[in-house]
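Spelled out from the first residue to the last, the chains are:
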Protein chains: 2
Amino acid sequence: MKISTKGRYALRMMLDLALHNTGEYISLKDISQRQGITVKYLEQIVTVLAKAGFVHSQRGNNGGYRLARKPEDYTAGDILRVMEGNLQPIACLEADPNECARSAYCSVLPFWQGLGKVVNDYVDSVTLEELADQARFMAGNDYSI
Amino acid sequence: MKISTKGRYALRMMLDLALHNTGEYISLKDISQRQGITVKYLEQIVTVLAKAGFVHSQRGNNGGYRLARKPEDYTAGDILRVMEGNLQPIACLEADPNECARSAYCSVLPFWQGLGKVVNDYVDSVTLEELADQARFMAGNDYSI
DNA sequence: CTCAATTCCTATCATACAGGTATAATTTAT
DNA sequence: ATAAATTATACCTGTATGATAGGAATTGAG
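Read on for a plain summary of the structure. (Residues numbered from 1 in each chain as written. Chains lettered and ligands numbered in written order. Predicted model: local features only at pLDDT ≥ 70, side-chain atom pairs only at ≥ 80, totals over all residues. Heavy atoms only, no water.)

**Here we look at the overall build of chain A**
Selection rule: Helix and strand labels come from DSSP, where a helix needs a run of H or I of at least four residues and a strand needs a run of E of at least two; each type is numbered from the N terminus. Exposure categories follow from relative accessible area, calculated using a 1.4 Å probe and restricted to protein chains: below 20% of the type maximum is buried, above 50% is exposed, and the middle band is partly exposed. Accessible surface is estimated by sampling points in the Shrake-Rupley manner with a 1.4 Å probe; for residues, cover comes only from the protein chains shown.
On a plain count of helices and strands, chain A comes out with 6 helices and 2 strands. Reading the secondary structure of chain A in the N-to-C direction produces α-α-α-β-β-α-α-α. Within chain A, buried positions represent 46% of all 145 residues. For chain A, the computed accessible surface area is about 7,000 Å², with 48% contributed by carbon and sulfur atoms.

This is the structure:
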């Protein structure tokens, strides 16, 4: 019952991009220094975010990444689901194909469905802009975090 | 972001005991047949439950396990936390010793704390008795599930 | 007392995933 | 051209998960 580092780091990376959302491209090197995550690991994470259309990339010198939309148009849930897959607590609640044989008469299923719902509702209630606001508030306008 | 089979099976096992809560001891063999889980795997799970004082065991012929308290005195959260550890979404939120170095100025921490709270509040809002009611309702008094 | 049922204890094993490193190819701005 | 950056791929190590298995110890019933 844990969020993996990929999901956590993705959130911090998107937050970093939101705090430096000037329109210019931000290099992974800069993000790496601010966040204390190796460039190599960030590459793996940002590749997924780019494929999902969450960030735009620019190759070459002065290249890097920037947000594809405005910070208020991402929820934390959007970002986490891209990295972690759906946020359902058990496999039975994912796509129907690999449906559990007991599902028709599984009396615990509604309980798990309820848990999946509160989790997804919560993470979708927080936007990237709100996280950025929180970061600016805590850092007193020092966006290095 | 998944509950492991240990947690899921523990819940089904406790539910099975609740549905057969006659005061007599229930053998793992019986539970195994009803739940489709091997006796050997059930042993591992019930050992944890017994150490936590959630079930009482009786050795020897006609031995087995029974609930230590009434079904309404367990929450699903009690059972899951015993098997899964605390249900916090990230390690930073566990015991203070291995505290993250960034925690003092981590602007994402409140978000994760909020997620941990909705998860724990939800699982603590459902009792074993309520799960048993649901099972009896769905099975029409056939407690085999 | 003995036997059978059952808990208890300790291994073992395969697989998957997490977390991270390394190397090299390709693209682009200047 | 060349430097900086992305992109792709492959590899590595450790740990957790999801089981299975063998056997010892305990107990109740006959």
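**Points about the interface of chain A and chain B**
What counts here: Contact between two residues is taken to exist if any of their heavy atoms lie within 4.5 Å; hydrogens are not considered. Here the quantity called buried area is the total loss of accessible area, with a 1.4 Å probe, experienced by two parts when brought into contact, counted for both. Two N or O atoms count as a polar contact when they lie within 3.5 Å, although within protein this holds only if one can serve as hydrogen donor and the other as acceptor, and sequence-adjacent residues are included solely when both atoms are side-chain atoms.
In this assembly, 41 residues from chain A lie in contact with 40 residues from chain B. Interface area, chain A with chain B, both sides summed: about 3,600 Å², of which 71% is carbon and sulfur. A per-residue breakdown of the area chain A buries against chain B is headed by Met-1, Lys-2 and Phe-111 of chain A, which together make up 21% of the total. Viewed at the interface, chain B and chain A are joined by 10 residue pairs in polar contact (both at pLDDT 80 or more).

**Considerations on the protein's contact with DNA strand C**
Where we set the bar: Summary of the distance rule: residues count as near a molecule or strand when at least one heavy atom falls within 4 Å of that molecule or strand. Just so you know the grouping, Ala, Val, Leu, Ile, Met, Phe, Trp, Tyr, Cys and Pro go in nonpolar, Asp, Glu, Lys and Arg go in charged, and all remaining residues, Gly too, go in polar.
The full set close to DNA strand C counts 24 residues, and Thr-5, Lys-40 and Arg-59 of chain A together with Glu-43 and Tyr-65 of chain B are the nearest of them. Within the side chain of Thr-5 of chain A, a nitrogen or oxygen atom sits 2.5 Å from a phosphate oxygen of DNA strand C. Within the side chain of Arg-59 of chain B, an N or O atom sits 3.5 Å from a sugar or linking oxygen of DNA strand C. Taken together, the elements giving at least two residues each to the surface near DNA strand C come down to α1 (5-19) and α3 (39-51) of chain A together with α2 (28-35), α3 (39-51), β1 (55-58) and β2 (64-67) of chain B. When residues of the surface near DNA strand C are assigned to their parent elements, the largest contribution, 3 residues, is made by α3 of chain A. The residue inventory of the surface near DNA strand C, partitioned by class, reads 4 nonpolar, 14 polar and 6 charged.

**As for the environment of Pro-71 of chain A**
Residues and elements named next belong to chain A. The topology assignment puts Pro-71 in the loop between β2 (64-67) and α4 (76-84). You can call Pro-71 buried: its relative accessible area is 6%. Sequence spacing of Pro-71 and Glu-130 is 59 residues, and the spatial spacing of their C-alpha atoms is 8.4 Å. Discounting chain neighbours no more than four positions away, the residues touching Pro-71 are Ala-18, Asn-21, Thr-127, Leu-128 and Glu-129.

**A closer look at the nonpolar core**
The condition is simple: Definition used in this section: a nonpolar core is a set of buried Ala, Val, Leu, Ile, Met, Phe, Trp, Tyr and Cys residues joined via side-chain atoms within 4.5 Å.
Membership of the largest hydrophobic core comes to 90 residues, with the highest contact counts inside it found for Leu-49, Phe-111 and Trp-112 of chain A together with Leu-49, Phe-111 and Trp-112 of chain B. When near neighbours in sequence (up to four residues on either side) are disregarded, Leu-49 of chain A contacts Ala-10, Met-13, Met-14, Phe-54, Val-55, Ile-79, Val-82 and Met-83 of chain A.

**With respect to helix α5 (residues 109-123) of chain B**
Condition: A helix is expected to span 1.5 Å multiplied by its residue count minus one.
Compared with an ideal rise of 1.5 Å per residue, which puts 15 residues at 21 Å, α5 of chain B spans 21 Å between its outermost C-alpha atoms and is within 8% of the ideal. For α5 of chain B, the set of buried residues is Leu-109, Phe-111, Trp-112, Gly-114, Leu-115, Gly-116, Val-119, Asn-120, Tyr-122 and Val-123 of chain B. Looking at the buried positions of α5 of chain B, the neighbouring elements they touch are α1, α4, α5 (109-123) and α6 (128-139) of chain A together with α4 (76-84) of chain B.

**With respect to the relation of the copies chain A and chain B**
What counts is decided by this rule: Here the copies are superposed with least squares, the fitted atoms being C-alpha atoms of residues at a pLDDT of at least 70 in both.
The two copies are related by a screw motion: chain A maps onto chain B through a turn of 180 degrees and a shift of 0.1 Å along the axis, at an RMSD of 0.1 Å. Taken together, the rotation and translation relating the two chain copies correspond to the operation of a two-fold axis. Of the C-alpha atoms belonging to chain A, the one lying closest to the rotation axis is found on Met-1 of chain A, 2.3 Å away.

**Things to note about the pattern of salt bridges**
Two side chains that carry opposite charge are able to pair once their charged atoms sit near each other. Definition in use: Salt bridges are counted wherever a side-chain nitrogen of Lys or Arg sits within 4 Å of a carboxyl oxygen of Asp or Glu.
One pass over the full model with this rule turns up 13 salt bridges over all chains. With its nearest N and O atoms 3.0 Å apart, the salt bridge here joins Asp-133 of chain A to Arg-136 of chain A. One end of the pair, Asp-133 of chain A, and the other, Arg-136 of chain A, are both in helix α6, 3 residues apart, so they sit about a helical turn from each other. Judged by relative accessible area, which is 39%, Asp-133 of chain A ranks as partly exposed. Ionic pairing is found between Glu-129 of chain B and Arg-136 of chain B, a salt bridge with its closest N-O pair at 3.2 Å. The class of Glu-129 of chain B is partly exposed, set by a relative accessible area of 23%. According to the relative accessible area criterion, Arg-136 of chain B is partly exposed, its value standing at 23%. Here the salt bridges share partners, and the residues they tie into one network are Asp-78, Arg-81 and Asp-124 of chain A.

**Observations regarding the protein's contact with DNA strand D**
Around DNA strand D, 23 residues are found, and the nearest of them are Arg-59 and Tyr-65 of chain A together with Lys-40, Gln-44 and Arg-59 of chain B. The share of sugar and phosphate among atoms of DNA strand D within 4 Å of the protein is 70%. Side-chain polar atom of Tyr-9 of chain B to a phosphate oxygen of DNA strand D: 3.2 Å apart, as the coordinates give it. Here a phosphate oxygen of DNA strand D sits 3.2 Å away from a polar atom, N or O, in the side chain of Gln-58 of chain B. Per element, the largest residue contribution to the surface near DNA strand D is 3 residues, and it comes from α3 of chain B. Each residue belonging to the surface near DNA strand D can be placed in one class, and the counts come to 4 nonpolar, 15 polar and 4 charged.

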